[in-house]
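Commentary on secondary and tertiary structure
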Amino acid sequence: MKNIIAFVIFIVSLNIVTAQESITSYPVYSGKDLGLTYTPKAATFKIWAPTATAAKLNLYKSDLGGTATRSIAMNQGDNGIWYITVPENLKNSYYTFQVNIGNTWSEEVVDPYAKACGTNGLRAQVIDLKETNPIGWAGDTSPNFSVSNKQTDAVIYELHVRDASIHASSGIKNKGKFLGLAELGTKNSAGQTTGLSHIKELGVTHIHLLPFYDYNSVDETKSAVQYNWGYDPVNYNIPEGSYSTNPADGKVRIKELKELIKTMHSNGLRIVMDVVYNHTALTKNSNFNILVPDYYYRKRADGSFSDASSCGNETASEKAMFQKFMIESVVYWVNEYHIDGFRFDLMGIHDIQTMNMISDTLRKIKPSIVLYGEGWTSSSSPLPEDKRALKKNAAQLNGIAVFSDDMRDGIKGSVFNIDDRGFATGNISNSESVKFGIVAAGKHPQINYSKVNYSKEPYTAGPAGLINYADCHDNNILWDKIALSFKSASAAERTKMHELAYAIVLTAQGASFLHAGTEFLRSKNGVENSFDKGDIVNGIDWDLKTKNIASYQFIKSLVQIRRAHPAFRMQTAQQIATNINFENNLPTGIIAYTINGAAVGDNWKKIWIAYNGSQTPQTLTLPKGTWKVGLSSNGSSKMGNNFTLAGSSAVILYGQ
Ligand code: CA
């Protein structure tokens, strides 16, 4: 019996090898015209389906319901292509495809390359993209965010479209919509700015929006009452319908998103798009998998879908036609929507080569593009680690940064242990992890890598390779993490810890990243993973800005100082290793260092920074020279050559 089972397994695995080999030998199509090519005189549809024996196009009058007005057989072309040209003006028609594989017609699928669709993305739409351009779109340009527009100059503000406006305190009319975030001059109940005007006032450079491609989890006919972050992609090249005022007409969501982007740009803000190419919302019945079964995904040895995303599947960026899809998709968003950067979800699932092709391609189009991603996966992947865009391989990525979980958890404690504290919350054993973040996870002679929490060696090639942060949409927001891990601290003490955390983030080398509302101590009521927890948990209460105005002013000052001073935005690992000097023999709980600002062209020729992670005041002797206070928190003060740092505080001094 055992032998029979072994024999069956042997035969099955042989079949899998054969299937995988045949998949990699599928013909590859290199043309850039997959999907729809529209003119008023004709519409040409093209799909790649190399295992199909027939394919058809279905045309519809409406986006939902009804039967197809026509089903048209498609022609077989070279390299796995099926195509059809309809010599009519099909503008505003909706369409789907079906393929015949193994003598069976598939269910209807939406063109993966579709650029417009109706409600819930169930049918693609033929549109004239030119009609989606708002007035003045041709003149829309991305604002400069520094003298040189380098990745290290980015101060990124991570925001969910709906969270920005849905709370009553926003004073915004188009609640939950792209147009809501585009409203200017909106105010909270105390008359302080909210929404986009607030973000402009805070002074960040980039707004990073959580997924706004068409995702699956919100029923667009019920978007008033449904909520999701949107990490479940369906149509990669189409905006999400629930953020538009009319999801049925494919032009509306496109035009309204462009209105938002134009408004951001004309107000000095750039836009980063959160993209999730690592998995699709559906697996066996996804658009990709119906058109070319098993091709676009990685599989386990037993033939099942591997699942490094923990969402049911993982895409295969190393396969030619998915690599092509990813590259063409990001290029489309930059060219059509003027997107200024991308954040790659679970980037550790993608292969390094594809990520570098994306970076090289985008930088030719927009040299100032900002690119970063999560250098990890959610579960294990069959693609070898040395091929994947993991944090430990960050130095092999060209101009793509990774998030520093070392710094994040060094500041506030592990996100995986609710009770754990970090440097800013009194666990001063995390000092070395914070110092590692300060030098942008690079090689620095004063870092003891053996004491860093996660990484035991430098992993970036330079500061452009790192995003420093204290919190993001995932896990507890900083205010809640501090409260949950330090229940005995008073609200005033927690406020100082929060300010210290952001002082560390915004003075560290590498790009800075803030989660929306954390600048005025936003809370999610202790909800750890709020992806579907609705507006009550997620909606930003803009009246907190008034309540916590002192913290807001402090963090705003940090942003201003960072943007004004290149000393905090060095561009090479060598500059950091040479010009940042940590002080030794300090009292317990203190990190202090000097920056040679003059060496990097800063008018603050020398800078002295100190953080007190303990709750005890500490007095330090300043290095020789004349020092002025740039910024200090929690009542710290300078007396002659001494500086007394209050507990949980930060200070920036400078000298000419
Ligand atoms: Ca959707």
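Since we're looking at a predicted model, the values are computed, not measured. (Residues numbered from 1 in each chain as written. Predicted model: local features only at pLDDT ≥ 70, side-chain atom pairs only at ≥ 80, totals over all residues. Heavy atoms only, no water.)

**As for the overall build of the protein**
The line we're drawing: Put simply, DSSP H or I for four residues or longer makes a helix, DSSP E for two residues or longer makes a strand, and each gets a number counted from the N terminus. In this description the radius of gyration comes from C-alpha coordinates, and the expected globular size is given by 2.2 Å times residues to the power 0.38. Summary of the burial criterion: residues with accessible area below 20% of their type's maximum are buried, those above 50% are exposed, and those between are partly exposed, where the area comes from a 1.4 Å probe applied to protein chains only. The contact definition used throughout considers only heavy atoms, calling two residues in contact when any of these lie within 4.5 Å. Reported accessibility uses the Shrake-Rupley method at a 1.4 Å probe radius. Residues are deemed covered only where the shown protein chains occlude them.
Each helix and strand counted, the protein has 16 helices and 27 strands in total. Expected size for 656 residues packed as a compact globule is a radius of gyration near 26 Å; at 26 Å, the protein falls within 12% of this value. Each principal axis of the C-alpha atoms in the protein carries an extent, and together these give about 85 × 65 × 45 Å. The proportion of buried residues among the 656 residues of the protein is 61%. Pairs at least 24 apart in sequence give 70% of the contacts found in the protein among residues at least 6 apart. As displayed, the protein has an accessible area near 24,000 Å², and 52% of this comes from carbon and sulfur atoms.

**Topic: the sheet that holds strand β16 (residues 370-373)**
Test applied: Whether two strands pair comes down to DSSP finding at least two bridges between them. In this analysis an axis means a line fitted to C-alpha atoms, helices contributing only their contacting stretch, and an angle means the value between N-to-C directions, from 0 to 180 degrees.
With respect to topology, 8 strands assemble into a closed barrel ordered β10-β11-β14-β15-β16-β17-β18-β19, the strand pairing being parallel. With direction set aside, neighbouring strand axes in the sheet form an average angle of 30 degrees. With 3 bridges connecting them, strand β18 (residues 466-469) and strand β19 (residues 511-515) associate as parallel partners. Looking across to β19, one finds that Ile467 is bridged to Ala511. Strands in contact with helix α9 (residues 405-412) are β17 (401-403) and β18; relative to β18, the strand with the most contacts, it is inclined by about 15 degrees.

**Regarding the nonpolar core**
Just so we agree on the cut-off: Definition of nonpolar core: a set of buried residues of the types Ala, Val, Leu, Ile, Met, Phe, Trp, Tyr and Cys, connected through side-chain atoms within 4.5 Å.
Ranked by internal contacts, the top residues of the largest apolar core, which has 164 residues, are Phe45 and Phe342. Here this core takes 11 residues from helix α7 (residues 320-337), the largest share from any one element. The next biggest cluster of nonpolar side chains, apart from the first, holds 13 residues, and it includes Ala401, Phe403, Tyr469 and Phe513.

**Topic: the coordination of the calcium ion**
For the record, the criterion: For Na, K and Ca the donor cutoff is 3.2 Å, while for all other metals N, O and S atoms must lie within 2.8 Å; water is not among the atoms, so some sites may look incomplete.
Protein coordination at the calcium ion comes from Asp214 (OD), Tyr215 (O), Glu220 (OE) and Glu240 (OE), with a distance range of 2.2 to 2.4 Å. If you list the donors of the calcium ion from N- to C-terminus, the spacing comes out as D-Y-x4-E-x19-E. Here Glu220 is found in the loop between β12 (213-215) and β13 (233-239), whereas its partner Glu240 is found in the loop between β13 and α5 (250-266), with 20 residues between them in sequence. Like Glu240, Glu220 is buried.

**With respect to unusual backbone geometry**
As a rule of thumb, non-glycine residues mostly have phi less than zero, and peptide bonds are mostly trans rather than cis. Its identity as a non-glycine residue notwithstanding, Asn103 has a phi of 65 degrees, on the positive side. With respect to the helices, strands and loops of the structure, Asn103 is situated in the loop between β7 (94-101) and β8 (104-105). Phi angles above zero are rare outside glycine, and Ala441 is one such case at about 55 degrees. With respect to the helices, strands and loops of the structure, Ala441 is situated in the loop between α10 (431-438) and β18. With a relative accessible area of 1%, Ala441 lands in the buried category.

**Topic: the sheet that holds strand β23 (residues 618-621)**
Read across the sheet, 3 strands follow the order β23-β26-β25 without closing on themselves; strand pairing throughout is antiparallel. Unpaired on one side and paired on the other, β23 and β25 (637-639) mark the two borders of the sheet. Pairs of neighbouring strands in the sheet enclose a mean axial angle of 25 degrees, with direction left out of account. Of the strand pairs in this sheet, β25 and strand β26 (residues 642-645) are connected by 3 bridges, and their pairing is antiparallel. Residue Lys638 lies in a different strand from β26, and its bridge partner there is Phe643.

**Quick word on the environment of Thr546**
Going by this rule: In the analysis that follows, any N or O atom pair within 3.5 Å is treated as a polar contact, provided that within protein one partner can donate a hydrogen and the other can accept it, and provided that, for residues neighboring in sequence, both atoms belong to side chains.
Residue placement: Thr546 occurs in helix α14 (residues 543-547). With a relative accessible area of 30%, Thr546 lands in the partly exposed category. For the pair formed by Thr546 and Val252, sequence separation is 294 residues and the distance between their alpha carbons is 35 Å. Here Thr546 is in contact with Asn188, Ala190 and Gln192, once residues within four sequence places are set aside. Reaching out from Thr546, the side chain makes a polar contact with the side chain of Gln192 at a distance of 2.3 Å.

**Regarding the packing of α9 against α10**
What counts here: The labels follow the angle: roughly parallel below 35 degrees, roughly antiparallel above 145, roughly perpendicular from 65 to 115, and oblique for the rest. By the definition used in this description, the sense in which the near helix is turned from the far one sets the handedness, with an anticlockwise turn below a right angle giving left-handed and a clockwise turn giving right-handed. Each residue is assigned to one of three groups, with Ala, Val, Leu, Ile, Met, Phe, Trp, Tyr, Cys and Pro labelled nonpolar, Asp, Glu, Lys and Arg labelled charged, and all others, Gly among them, labelled polar.
One can describe the packing of α9 onto α10 by two numbers: an axis separation of 8 Å at closest approach and a directional angle of 135 degrees. By the angle between their directions, the pair α9 and α10 is classed as oblique. The handedness of the crossing between α9 and α10 comes out as left-handed. In this structure, α9 contributes Asp406, Met407, Gly410 and Ile411 to the contact, and α10 contributes Ser433, Val434, Phe436, Gly437 and Ile438. For the contact of α9 with α10, a count of residues per class yields 5 nonpolar, 3 polar and 1 charged.

**Details of the packing of aromatic side chains**
To be explicit about the condition: In this scheme Phe, Tyr and Trp rings, the latter by its six-membered ring, pair at centre separations within 6.5 Å, and the angle between planes marks the pair as stacked below 30 degrees, edge-to-face above 60, and tilted otherwise. When the NZ atom of lysine or the CZ atom of arginine is within 6 Å of a ring's centre and also within 35 degrees of its normal, the charge is said to sit over that ring.
Counted according to the given criterion, the structure contains 41 aromatic pairs. Between Phe403 and Phe513 the ring centres are 5.2 Å apart and the planes differ by 90 degrees, which places this aromatic pair in the edge-to-face class. You can see Phe403 sitting in strand β17 and its partner Phe513 sitting in strand β19, a full 110 residues away along the chain. The exposure class of Phe403 is buried, given its relative accessible area of 3%. Among the aromatic side chains, those forming a connected cluster through ring pairs are Tyr26, Trp48, Tyr113, Tyr213, Tyr236, Tyr277, Phe288, Tyr295, Tyr296, Phe322 and Phe325. Positioned over the ring face of Phe486 is Arg421, at 3.6 Å from the centre of the ring. The lysine or arginine in question, Lys606, covers the ring of Trp627, its NZ or CZ lying 5.2 Å from the ring centre.

**Things to note about the packing of helix α11 (residues 478-485) against helix α12 (residues 491-507)**
Following both chains from N to C, one finds α11 and α12 inclined at 130 degrees, their axes separated by 10 Å at the closest point. When the axes of α11 and α12 are compared, the pair comes out oblique. Both α11 and α12 take part in a crossing whose hand is right-handed. Mapping the contact onto sequence places Leu478, Trp479, Ile482 and Ala483 in α11 and Ala491, Arg494, Thr495, Met497, His498, Ala501 and Tyr502 in α12. A class-by-class count of the residues in the contact of α11 with α12 yields 8 nonpolar, 2 polar and 1 charged.

**Side note on α5**
Operational definition: What a helix should span is 1.5 Å times the count of its residues minus one.
Over its 17 residues, α5 extends 25 Å from the first C-alpha to the last, a length consistent with the 24 Å expected when each residue adds 1.5 Å. The buried count for α5 comes to 13 of 17 residues, which makes it a mostly enclosed element. A positive phi of about 80 degrees marks Gly268, the residue just after α5.

**A short note on the side chain of Asp128**
Tracing the backbone through its elements, the reader meets Asp128 in the loop between β9 (124-125) and β10 (155-159). Ignoring sequence-local partners within four residues, the contact set of Asp128 consists of Tyr38 and Lys91.

**Concerning the pairing of strand β6 (residues 81-86)**
For a regular strand, side-chain orientation follows a simple rule: the groups alternate between the two sheet faces. As paired elements, strand β2 (residues 43-48) and β6 share 6 bridges and run antiparallel to each other. Bridged to Ile47 within β6 is Trp82. In the sheet, strand β5 (residues 75-76) pairs with β6 via 2 bridges, with the strands oriented antiparallel. Looking at β6, one finds that Asn75 is bridged to Tyr83. Counted along the chain from β5 to the antiparallel partner β6, the turn is 4 residues long, and its residue Asn79 has a positive phi close to 60 degrees.

**Thoughts on helix α15 (residues 549-564)**
For α15, built from 16 residues, the straight-helix expectation of 22 Å at 1.5 Å per residue is met to within 8% by its first-to-last C-alpha distance of 22 Å. Restricting attention to buried positions, one finds in α15 the residues Ser551, Tyr552, Phe554, Ile555, Lys556, Leu558, Val559, Ile561 and Arg562.

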